[in-house]
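Each chain, letter by letter, is given below.
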Amino acid sequence: MARVKLTDVTKTYDDVTAVNNMNLDLKDGEFITLVGPSGCGKSTTLETIAGLTKPTSGEILIGDREVTNLPPKDRGIAMVFQNIALFPHMDVYDNISFGLRLRDYPKEEVDERVEEAARFVELDGMLNRMPDEMSGGQRQRVAIARSIVREPDVFLMDEPLANLDAKLRVNMRTELQRLHKQLDTTIIYVTHNQAEAMTLSDRIAVLNTGELQQIASPLECYNQPNNRFVAGFIGSPSMNFAMSTVGEGRLETGGFDVDFDIAAVDGVGTGDRVEMGIRPEDIYLTENSEDALDPSDPIGVETDVLEPMGDQIFVYLKPLTAHDDTGMGEAEQREGLLMSVDPDTDIAEDQSVEVVFDRGQMHLFDADTGDALSHGVVKGTAATTESGEDSAQVD
Amino acid sequence: MSIDAQTHEDAETFDDRDDEESKSPIKQWADDWIRNPEKAYAVMLVFMGGVLLTTTLFPLYWLFAVAMAEPGQSNIPLIPNQIDLSAFIVIFQQVPFARFMFNSLFYATSVTVIVLLVASLAGYAFGRLDFRGKMPLLFSLLVLSFFPPATLFIPLFRAFNQQVPMLGVFTLPVELYRTPGAVIAPISAFAMPLAIFILTTFYSQIPDGLEDAARIEGTTRFGALFRVIVPLSAPGVATAGILTFITTYVEFFFSFLMTGDRASDWAPIVNGVLAFQTRYTTRYDLQAAASLVAIIPVAILVVVAQEKIISGLTQGALKE
C-alpha cells in the first residue's frame, strides 16, 4: 500500500507528445481510473508508472520512494494487462509463482501464497492447467492471482476487462470491486469504458491528448465537468451541445432559444459566444416539466427517430425553426438534440412536441477554450457554479 | 440453318472418332492423363520420389558396399559378397577416430552455443527494440553474410598463426593456430548472420505484453529474454541451432586448414577419414566405414530435431 505521485511527467516520442505535464497525486488505498479516448496517453501514463517506459521528464513517487529511474521489478507494483499476458509455456502454478520464484522465496511459502491467491480468485484445483486450456475469464483470474500473490504496493490495470465478453465483464467488474475492498491497495486502472470508470473508482482522471482534463469523483465529473471535453466524454449517451449566442434574457442557438437570467451567470454578457450543453435526461416534454428543477420556456421541436432501450426511450429531436441572424451554417443551425424519456411516454416519430430544458442542469462552456463557465444557469445554483469554477482550476 | 447445324454436329462426332483411331498410343495416354489428373499425380509422385530416394540414399548404400569390400579391392559389386562389419571396429583401432569425432562435435557444439547466445542478444535487439541505425546494421549483416568465407582465410590465417597486427592496431594475445579457437571463432562469425535473421524473426513475434509482464514480475530485460522469449521461440531457436550445428560439423575449409593433421592437434573428422590414406596405400573400405560413422551424429540430430521443431506453443496464450 502506498501513495503514488506524478510530478510534471512528460513523455515524447520523436515529435509526438504522448503525455504532457501530468500531475497526479493518489492517496493510499485509492481506486483511481484513467479514462480517455484512444491515444489520449492513459496507457503511456500507466507504463511510466510501471517503469516499462521512461518519462522524458518529470518525477514519479511510489510510497516515499522516487522510482523514476528504477526498473519495473523494483517498484513494488503488479500489473494486469489487456491481453492477459500469461506465460503460455507455464502452467497456472508456475504463472502465479513466477515473481515469487524469481525472488527466491522458500518453496513452502510459495506454495502457501499461490494456494491462497488461487483460492481468492476461485481457481483452486486448477493449478496444473495450462493457459490454453482455460476460458478467457479464468485466464484473467490467473493474471489477477499472479498480480496479488506478491502483495504489491500498487496495482496497475491496463484495460483488464476489454477482451472479455459483455457478461463476463460485468462479473469481473464486481470481482475487482471486491478485490479492492478486501486488499485495500492503491489501484490505478486504465479504461475507455465509462461504466467501469464510473462504477469502480473513487476518483476518475479524464485525459485527452496527453493532458489531464479533470480529476474528481465520478459524480463530480458527471455533474460539474471542467470543460467541454469532460462533459462530452463522461455520460452515455453523450451530452447535447449547441453553439449559441447570449441574447437579451435568452440563449440563441441555431435551432431554438432558451430563456435564462443573464445575471445568474458571472462573466457572461449579451452578445457573447458560448457553447451550451445539456444531458438527454435533463430535457423534458412540456407536460412533465414539473420534474425539472427549473424548467425553461417550452421549445417547439419535431421528433425524429426513437430508440426504445427498455428502461427508457431515446428520442432524437429536430428544431423546428432556423434563425438567420446567427451567421452559422445550415448544418450547424439545425443540430439535433437527444432526449431520454420514460418508456411509457406516449410519443411517436415525426411528431411536433414541446420540450423544456432543466436550466438547473444546463452547462455553459467558453466557445473558444471549452472551459466550463457555469453549471446551471439560474440564480439558485450559484453555489454549484462556484464549486464548478473551483474544480475547473484543478489541472 | 438446322441442316447446317446437323451437319456440323455430325462432322464433329466423325472427327472425334477419326481422332481416336488415328491417335498414337502416346497421344491416348496423354488424353487419359488429362482426363484423370490424379493418375498423372500418382505416377509423378512415384517417379519423383524414386529419383529423390535414389539420389540421396544410393551414395550411402554405395559407401556401405565399399566398406564391405576386401581391402584393396577395386571392383566393387553392387551387392556385397559378404557382410563383414569389422571395418567399423578397425577404424577406431587404427587411428584415434573417436578423438577426431570428438573434435568435430566439440567445434559444432561450441559454435552452436556461442552463436545461439550472441544471436539471441542480437535478435532481441533487432526484433524488439527500436534504435537508430537498425536497418543499416541489419543490412550490413546481410552483406557480410554474402562474403565467401574463403576470401577471409589468408588474413585470418596470418592473424592466428603469425600474429600480425589486426587492422594494424592489435595482435592477438596468444597464437590461435592449432587450437579450437582458430576454428570456433571464424565459423561462429560466418554462421552468425543466418542465426540472427532467424531469431530476429521469431523474437519479434512474441507479444510485447509477455515481456512487459515478465519485467513487472521481477526479471530484467535479459531475464525476460531467457525465461520467456527464448522458450516461446523454441522452434526458431531449434532451427537456428540445428542449422549452425550441421554447418559447423560438416565444415571442411577452416577446420581442416586451421588445425594440424593429428587428432591431438584438434584436427576435425575429415582428417580422421583421410588418415586411412597413406603415401602407398589407401584403405577405401575403412574410409567408407569412417564416413558412415561420421554421418551418424548428424543423422541422429535430424531425427530428434524433427520432433523438436514444433510450433503452436504460443497459441491460445494471448487474446489479441
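Residues numbered from 1 in each chain as written. Chains lettered and ligands numbered in written order. Predicted model: local features only at pLDDT ≥ 70, side-chain atom pairs only at ≥ 80, totals over all residues. Heavy atoms only, no water.

Asks: What am I meant to see in the domain arrangement of chain B here?
Replies: Interface size is commonly expressed as the accessible surface area that is lost when the partners come together. Residue and element names in this part refer to chain B. If you check the domain split of chain B, you get domain 1 (2-84) and domain 2 (90-308). Centre-to-centre separation of domain 1 and domain 2, based on C-alpha positions: 43 Å. Taken together, the contact pairs seven residues of domain 1 with eight residues of domain 2. Counting each side, the surface lost to burial between domain 1 and domain 2 is near 600 Å², with a carbon and sulfur contribution of 81%. (Domains from an automatic or database assignment. Contact = heavy atoms within 4.5 Å. Buried area = accessible area lost by both parts, 1.4 Å probe.)

Asks: Can you help me understand a nonpolar patch on the surface in this one?
Replies: All names here are of chain B. Taken together, the side chains of V113, I114, L117, V118, L121, F222 and F226 make up a nonpolar region of the molecular surface, amounting to roughly 600 Å² of accessible area. Listed by contribution, the elements that provide at least two residues to the nonpolar patch are α5 (97-128) and α10 (221-232). Examining the composition of the nonpolar patch, we find that five residues originate from one element, α5, more than from any other. (Patch = residues over 30% accessible without salt bridge, like charges linked within 9 Å, V, L, I, M, F, W, Y side chains within 5 Å. Areas by Shrake-Rupley, 256 points an atom, 1.4 Å probe, with all protein chains shown as cover. Salt bridge = Lys/Arg side-chain N within 4 Å of Asp/Glu carboxyl O. Helix = DSSP H or I, 4+ residues; strand = E, 2+ residues; numbered from the N terminus.)

Asks: Just to check I follow, could you spell out the nonpolar core for this structure?
Replies: Soluble globular proteins: nonpolar side chains tend toward being buried together. Within the largest apolar cluster, 76 residues are counted, with the highest numbers of intra-cluster contacts made by L24, L156 and I188 of chain A. With 11 residues, helix α8 (residues 180-204) of chain B is the single largest residue contributor to this core. Non-local contacts of L156 of chain A, meaning those with residues more than four positions away in its chain, are made with L46, I49, A50, I77, A78, M79, V80 and I188 of chain A. Counting residues in each nonpolar core, the second largest holds 35 residues, with I84, V110, A145 and L161 of chain A among its members. (Core = buried A, V, L, I, M, F, W, Y, C linked by side-chain atoms within 4.5 Å. Buried < 20%, exposed > 50% of the residue type's maximum accessible area, 1.4 Å probe, protein only.)

Asks: Looking at this structure, I do not really get the side chain of S255 of chain B. What am I missing?
Replies: Residue and element names in this part refer to chain B. Tracing the backbone shows S255 in helix α12 (residues 253-257). Its relative accessible area of 2% is what places S255 among the buried residues. A distance of 2.7 Å separates the side chain of S255 from the backbone oxygen of E251, its partner in a polar contact. Those residues in contact with S255 that lie beyond four places of it in its chain are Y107, V183 and P268. (Polar contact = N/O pair within 3.5 Å; in protein donor to acceptor, adjacent residues only side chain to side chain.)

Asks: Where do I start with the sheet that holds strand β11 (residues 240-247) of chain A in this structure?
Replies: Sheet strands pair via backbone hydrogen bonds, and the direction of the pair is either parallel or antiparallel. Residues and elements named next belong to chain A. Across the sheet, six strands lie side by side as β13-β12-β11-β14-β20-β21; this open sheet has antiparallel pairing. Here the strands that pair on one side only, and so sit at the sheet edges, are β13 (257-259) and β21 (372-375). Going from strand to strand, the sheet's axes swing by 30 degrees on average, the running direction of each strand aside. Sheet topology places strand β12 (residues 250-253) next to β13; three bridges connect them, and they run antiparallel. (Pairing = 2+ DSSP bridges. Axes fitted to C-alpha atoms, helices over the stretch in contact; angles between N-to-C directions.)

Asks: Could you clarify how one ought to interpret the domain arrangement of chain A in this entry?
Replies: All names here are of chain A. Annotation of chain A at the domain level lists domain 1 (4-228) and domain 2 (237-393). Facing 10 residues of domain 1, the contacting portion of domain 2 comprises 15 residues. Buried area between domain 1 and domain 2, summed over both chains or domains, comes out near 1000 Å², and the portion from carbon and sulfur atoms is 45%. When the buried surface of domain 1 facing domain 2 is broken down by residue, Y222, N226 and R228 rank first, second and third, together holding 56% of it. In this assembly, domain 1 and domain 2 are joined by one salt bridge. Run the count over domain 1 and domain 2 and you get six residue pairs in polar contact (both at pLDDT 80 or more). The element that contributes the greatest number of residues to the side of domain 1 that touches domain 2 is helix α7 (residues 218-223), accounting for four residues.

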